[in-house]
Amino acid sequence: MADKQISLPAKLINGGIAGLIGVTCVFPIDLAKTRLQNQQNGQRMYSSMKKLTLLKEMLAGCGAGTCQVVVTTPMEMLKIQLQDAGRLAAQQKLMAAEAVSSSPVGSPVSSTSHTTSTNKSQQTATQITKELLRSKGIAGLYKGLGATLLRDVPFSIVYFPLFANLNKLGQKSSGEKAPFYVSFASGCIAGSTAAIVVNPCDVIKTRLQSLQRGIHEDSYSGIVDCTRKIWRNEGAKAFLKGAYCRALVIAPLFGIAQVVYFLGIAETMFEMLQSRRY
């Protein structure tokens with residue numbers, strides 16, 4: 001079956017459907033990944049295409065990664081706050097319980113700070129957005145933009161050429177599509193490989209974008225400061241926190257995306273709409 005030109009609207013719809021299906025499937029693992037990456041020492045709460053050269057494929061990936069951060073940075077910012085809220089709440093409850101058990105019988109134990117921080121951790125995405133816009137303006141939603149670029153640009157540089165070349169292995173001829181299972185497997189392999197390669201950048205991004213800190217957790221002034229403190233206080237292994245979970249998130253997410261493009265759901269929808277008109 002020869003490849004045909006796919007319209008931009010069809011591409012956008014395919015991407016949207018793939019994203020919705022993929023994110024729904026992998027969200028629980030992504031939640032675990034965020035909480036693992038935010039844990040610091042002593043606070044363990046949870047144990048068809050035009051032929052391109054390799055250089056052009058990498059440059060295309062670089063452009064894609066740069067463009068997507070405009071949309072993904074605010075979304076990632078809000079997602080991290082919501083995903084990390086449970087870890088912080090559990091930590092606060094644990095600290096409160098220890099304070100009560102260690103205090104003399106009959107002595108009052110202040111819970112004002114605990115109540116305040118618990119209420120903050122239960123904020124919705126809308127409340128967080130309003131608070132950031134009121135206090136810091138639009139720049140507040142783009143906190144960690146540099147770290148997001150540092151993660152997404154290299155990810156796309158690795159992913160797109162790797163997927164394209166793996167997918168070609170399943171093509172019987174240059175004019176045919178690879179079977180859907182080859183596209184799925186290629187997406188999974190390329191996605192998980194790229195995810196592991198850039199995981200250190202993802203750890204830094206997660207730490208920088210976290211607005212609330214747990215007890216005795218470090219604060220960071222920027223990428224260099226964050227990298228230095230993680231290396232000094234937690235060691236090199238800390239940069240691989242959540243790598244397994246991130247690979248499990250990205251592999252099916254990008255595998256599903258490639259299958260949706262292969263099936264051409266949006267193209268089928270447009271064809272059905274056009275047939276009804278006539």
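Bear in mind the structure is a predicted one, so any value in this text is a computation, not a measurement.

**Q** Break down the overall build of the chain for me, citing the residues and quoting the values.
**A** On a plain count of helices and strands, the chain comes out with 10 helices and 0 strands. Within the chain, buried positions represent 39% of all 278 residues. For the chain, the accessible surface area stands at approximately 15600 Å², while carbon and sulfur atoms represent 67% of it.

**Q** Please provide a residue-by-residue account of the side chain of Lys205, values included.
**A** Of note, Lys205 is situated in helix 7 (residues 199-209). By relative accessible area, which is 0% here, Lys205 ends up buried. Once you skip the residues sitting within four places of it in the chain, Lys205 turns out to touch Glu76, Ile80, Gly144, Ala147, Thr148 and Arg151.

**Q** Before we move on, can you summarise the environment of Cys226 with the specific residues and values?
**A** Residue position: Cys226 is located in helix 8 (residues 223-234). It is 9.6 Å that separates the C-alpha atoms of Cys226 and Val203, two residues lying 23 residues apart in sequence. If sequence neighbours within four positions are ignored, Cys226 has contacts with Ile204, Arg207, Leu208 and Tyr220.

**Q** Report on the confidence of the model for the chain, specifying residues and quantitative values.
**A** Here the chain averages 75 in pLDDT, and 68% of its residues register 70 or above. The lowest-confidence element of the chain is helix 3 (residues 112-121), averaging 46 in pLDDT; the highest-confidence one is helix 8, averaging 93. Note that residues 109-121 has pLDDT below 50 and, in this model, 13 contacts with residues that lie over four places away or in other chains.

**Q** Lay out the packing of helix 5 (residues 145-168) against helix 7 in plain terms, naming residues and giving numbers.
**A** Where helix 5 meets helix 7, the axes come as close as 9 Å, and the angle between the chain directions of the two elements is 160 degrees. The orientation of helix 5 relative to helix 7 falls into the category roughly antiparallel. Where helix 5 crosses over helix 7, the handedness of that crossing is left-handed. Contact with helix 5, carried on its side by Ala147, Thr148, Leu150 and Arg151, involves Cys201, Asp202, Ile204, Lys205, Leu208 and Gln209 of helix 7 and no other residues of that element. Grouping the amino acids of the contact of helix 5 with helix 7 by side-chain chemistry returns 5 nonpolar, 2 polar and 3 charged.

**Q** Can you break down the nonpolar core residue by residue, with the values?
**A** Counting residues in hydrophobic clusters, the biggest one holds 11 residues: Phe155, Tyr159, Phe163, Ala190, Ala194, Ala195, Val198, Val249, Ile250, Leu253 and Phe254. Elements with a minimum of two residues in this core: helix 5, helix 6 (180-197) and helix 9 (243-263). No other element matches the 4 residues that helix 9 contributes to this core. When sequence neighbours within four positions are dropped, the list of residues in contact with Phe254 reads Phe155, Tyr159 and Gly187. Counting 9 residues, the second largest nonpolar core, distinct from the first, contains Ile204, Tyr220, Cys226 and Phe239.

Reading the values: rules and limits
- Residues numbered from 1 in each chain as written.
- Predicted model: local features only at pLDDT ≥ 70, side-chain atom pairs only at ≥ 80, totals over all residues.
- Heavy atoms only, no water.
- Helix = DSSP H or I, 4+ residues; strand = E, 2+ residues; numbered from the N terminus.
- Buried < 20%, exposed > 50% of the residue type's maximum accessible area, 1.4 Å probe, protein only.
- Areas by Shrake-Rupley, 256 points an atom, 1.4 Å probe, with all protein chains shown as cover.
- Contact = heavy atoms within 4.5 Å.
- pLDDT = per-residue confidence, 0-100.
- Axes fitted to C-alpha atoms, helices over the stretch in contact; angles between N-to-C directions.
- Parallel < 35°, antiparallel > 145°, perpendicular 65-115°, else oblique.
- Left-handed = near helix turned anticlockwise from the far one by under 90°.
- Nonpolar A, V, L, I, M, F, W, Y, C, P; charged D, E, K, R; others polar.
- Core = buried A, V, L, I, M, F, W, Y, C linked by side-chain atoms within 4.5 Å.

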